[in-house]
Amino acid sequence: MCGQSEPANGLQNDIFSFRKIYQAYLDCRKNKRNTFNALKFEINDGENLVKLEYELKNRTYHPSRSILFAAKKPKLREIFAADFPDRVVHHILVNSLEKIYEPIFIHDSYASRDGKGTHAAKERLEKFTRQITKNGHVRAYYLQLDIKDFFTSINKELLFIIIQRKVKNPDILWLTQKVLFWDCTTSYVHKGDKQLLFNIPTNKSLFGKENRSGLPIGNLTSQYFANIYLNELDQYVKHVLKAHYYLRYVDDFVILSQDASQLRTWQAQIEEFLLSRLKLRLHPKRRKLASISNGIDFLGYIIRPTYVLVRRRVINNLKEKIRQFRQAREKDFRKFHDMVASYMGHFKHANSYRLINKLTMEVA
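Here we summarise the structure given alongside this text. (Residues numbered from 1 in each chain as written. Predicted model: local features only at pLDDT ≥ 70, side-chain atom pairs only at ≥ 80, totals over all residues. Heavy atoms only, no water.)

Describing the overall build of the protein
- Scanning the protein for helices and strands turns up 14 helices and ten strands.
- By the compact-globule yardstick of 21 Å for 364 residues, the protein fits well, its C-alpha radius of gyration being 22 Å.
- Going through the 364 residues of the protein one by one, you find that 49% of them count as buried.
- Summarising the internal contacts of the protein: among those between residues at least 6 apart in sequence, 73% fall at separations of at least 24.
- Accessible area of the protein: about 19500 Å², with a carbon and sulfur share of 50%.
- Separation between the mean location of the 62 positive side-chain charges and that of the 37 negative ones in the protein comes to 7 Å. (Helix = DSSP H or I, 4+ residues; strand = E, 2+ residues; numbered from the N terminus. Rg over C-alpha atoms; globule rule 2.2 N^0.38 Å. Buried < 20%, exposed > 50% of the residue type's maximum accessible area, 1.4 Å probe, protein only. Contact = heavy atoms within 4.5 Å. Areas by Shrake-Rupley, 256 points an atom, 1.4 Å probe, with all protein chains shown as cover. Lys, Arg positive; Asp, Glu negative; His and termini not counted. Charge placed at Lys NZ, Arg CZ, Asp CG, Glu CD.)

So, in structure tokens, the structure goes:
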């Protein structure tokens, strides 16, 4: 583990001002306001924020224990949920890192960034397919790859070295180090079905990693650290390989070309780069090189140059939730309405007029 940074001298572009802490608190509670820990914090939010300001400025802050549980959708995953005050700290850190990294990141990195997201990524890839195929008139190919056990494979020491290249503010470096090297497997409480946790494969778990690799899924900092880590790949693909049609969402990335052999060469080069520079491996079962006319299965859509469909699994998930709602003895209509509205919002980004009408009839 890296040694401690020296105390900061002066304000150093004070990232721990009360104004910035309060803004981070407002950002944090937007989606967490009705949770127990958020409400508990809010009862004495002024006092709690002053305490947090003192701890950060005096470098006495330490993360609290996490809540450990297993999430079953979309697949079985191990979740370490940070306590609410720690989530506020995560927002403080990410707000500071964004000012440094947003000008550096490539345009076509779409996860955990303002103005990006799944729908923007889908629309960009759709535009790419139209451009490279001349609206479907020229044959072209896509290479789709993702990284095996991505979040549990991120090397912490290497990530911190990467961050040190760009970040010079000692306060940001200290807080990055404090959050990054916090071992959540040493301080947590269980929640939910403990048996599910035993079913999680060791390669998908943070346990047994000796705090050398792995970031807890779900934390805002983990998502942003992941972007910083894979920015190394982004820069390599764009500026060394010079792949024009490249797009990434977390560890799922797509490259387009009219030359299939060029894509095969790039795949080999990317595989070597990931292993030698980032200590990551491509997922052996998720490497696909095919004609764009077949459709690209990406972020819940099947994308072709002239139209976009919703992935069948997404439709089936909604139908299953509708069935479960109808069978439930106690019905939460508001929660059901919000869930359906979320799916309909997803469907509206595809050519799905008849699908939406059909599902609307089923829900009615």
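Concerning helix 4 (residues 84-101)
- Compared with an ideal rise of 1.5 Å per residue, which puts 18 residues at 26 Å, helix 4 spans 25 Å between its outermost C-alpha atoms and is within 8% of the ideal.
- Where burial is concerned, most of helix 4 is hidden: 14 out of the 18 residues are buried. (Expected span 1.5 Å × (residues − 1).)

Structural notes on the pairing of strand 2 (residues 77-81)
- When you tally the buried positions in strand 2, you get four out of five residues, the bulk of the element.
- Both strand 1 (residues 66-71) and strand 2 contribute to a ladder of five bridges, which runs antiparallel. Bridge pairing in strand 2 places F69 opposite I79.
- Counting the residues between successive antiparallel strands, the hairpin from strand 1 to strand 2 contains five residues. (Pairing = 2+ DSSP bridges.)

Let's talk about the environment of K116
- Tracing the sequence through the fold places K116 in the loop between helix 4 and helix 5 (118-133).
- For K116 and Y343, which are 227 residues apart along the polypeptide, the C-alpha to C-alpha distance reads 19 Å.
- Excluding residues within four positions of it along the chain, K116 makes contact with H107, S109 and Y110.
- Polar side-chain contacts of K116 include one of 2.6 Å to the backbone oxygen of H107. (Polar contact = N/O pair within 3.5 Å; in protein donor to acceptor, adjacent residues only side chain to side chain.)

Some words on the state of the cysteines
- For the structure shown, the criterion picks out zero disulfides.
- Between C28, a free cysteine, and C184, which holds the nearest cysteine sulfur, the sulfur-to-sulfur gap is 17 Å.
- Residue classification places C28 among the buried positions, given a relative accessible area of 5%. (Disulfide = S-S within 2.5 Å.)

Regarding the sheet that holds strand 3 (residues 141-147)
- The four strands lie next to each other as 5-6-3-7, forming an open sheet whose pairing is antiparallel. Two strands close off the open sheet at either side, each with one partner strand: strand 5 (245-249) and strand 7 (282-291). Strand after strand, the sheet turns through a mean of 15 degrees between neighbouring axes, direction not considered.
- Bridge count for strand 3 against strand 6 (residues 252-257) is six bridges, and the pairing is antiparallel. (Axes fitted to C-alpha atoms, helices over the stretch in contact; angles between N-to-C directions.)

Some points on the sheet that holds strand 9 (residues 301-303)
- Read from one edge of the open sheet, three strands run 8-9-10, paired in antiparallel fashion. If you trace the sheet from one side to the other, it starts and ends with strand 8 (296-298) and strand 10 (308-310), each paired once. Taken over all neighbouring pairs, the strand axes of this sheet differ in orientation by 25 degrees on average, direction set aside.
- The sheet contact formed by strand 9 and strand 10 spans three bridges and is antiparallel. Within strand 10, the position partnered with Y301 by the bridge is V310.

Focus on the nonpolar core
- L175, F225 and I228 are the most contacted members of the largest nonpolar core, which totals 66 residues.
- It is helix 10 (residues 220-240) that contributes the most residues to this core, nine residues altogether.
- Setting aside residues up to four positions removed in sequence, F225 forms contacts with L93, L97, L159, I163, T176, V179, L180 and L215.
- Counting residues in hydrophobic clusters, the runner-up holds 34 residues, among them F128, L256, Y301 and L355. (Core = buried A, V, L, I, M, F, W, Y, C linked by side-chain atoms within 4.5 Å.)

Comments concerning a nonpolar patch on the surface
- Nonpolar side chains collect at one region of the surface, where F18, Y22 and V50 lie side by side and expose about 250 Å² of accessible area between them.
- Considering the arrangement of structural elements, one finds Y22 in helix 1 (residues 18-29). (Patch = residues over 30% accessible without salt bridge, like charges linked within 9 Å, V, L, I, M, F, W, Y side chains within 5 Å. Salt bridge = Lys/Arg side-chain N within 4 Å of Asp/Glu carboxyl O.)

Regarding the packing of helix 2 (residues 36-43) against helix 3 (residues 45-57)
- In contact at an axis separation of 5 Å, helix 2 and helix 3 are set at 90 degrees when each is read in the N-to-C sense. With respect to helix 3, the axis of helix 2 lies roughly perpendicular. Residues K40, F41, E42 and I43 of helix 2 pack against D45, N48 and L49 of helix 3.
- Tallied by class, residues from the contact of helix 2 with helix 3 come to three nonpolar, one polar and three charged. (Parallel < 35°, antiparallel > 145°, perpendicular 65-115°, else oblique. Nonpolar A, V, L, I, M, F, W, Y, C, P; charged D, E, K, R; others polar.)

A word on the side chain of E98
- Summarising the element assignment, E98 is placed in helix 4.
- No salt bridge is formed by the buried E98. Its closest oppositely charged neighbour is K99, at 6.4 Å.
- If we ignore the near neighbours within four places in the chain, the residues touching E98 are P103, D114 and Y224.

Thoughts on the packing of helix 1 against helix 3
- Two elements in contact, helix 1 and helix 3, have axes separated by 10 Å at closest approach and are oriented at 125 degrees. It follows from the interaxial angle that helix 1 and helix 3 lie oblique. The interaxial crossing formed by helix 1 with helix 3 has right-handed handedness. Here F18, I21, Y22, Y25 and R29 of helix 1 lie close against helix 3, whose contacting residues are D45, L49, V50, L52, E53 and L56.
- Residues belonging to the contact of helix 1 with helix 3 are distributed by class as follows: eight nonpolar, no polar and three charged. (Left-handed = near helix turned anticlockwise from the far one by under 90°.)

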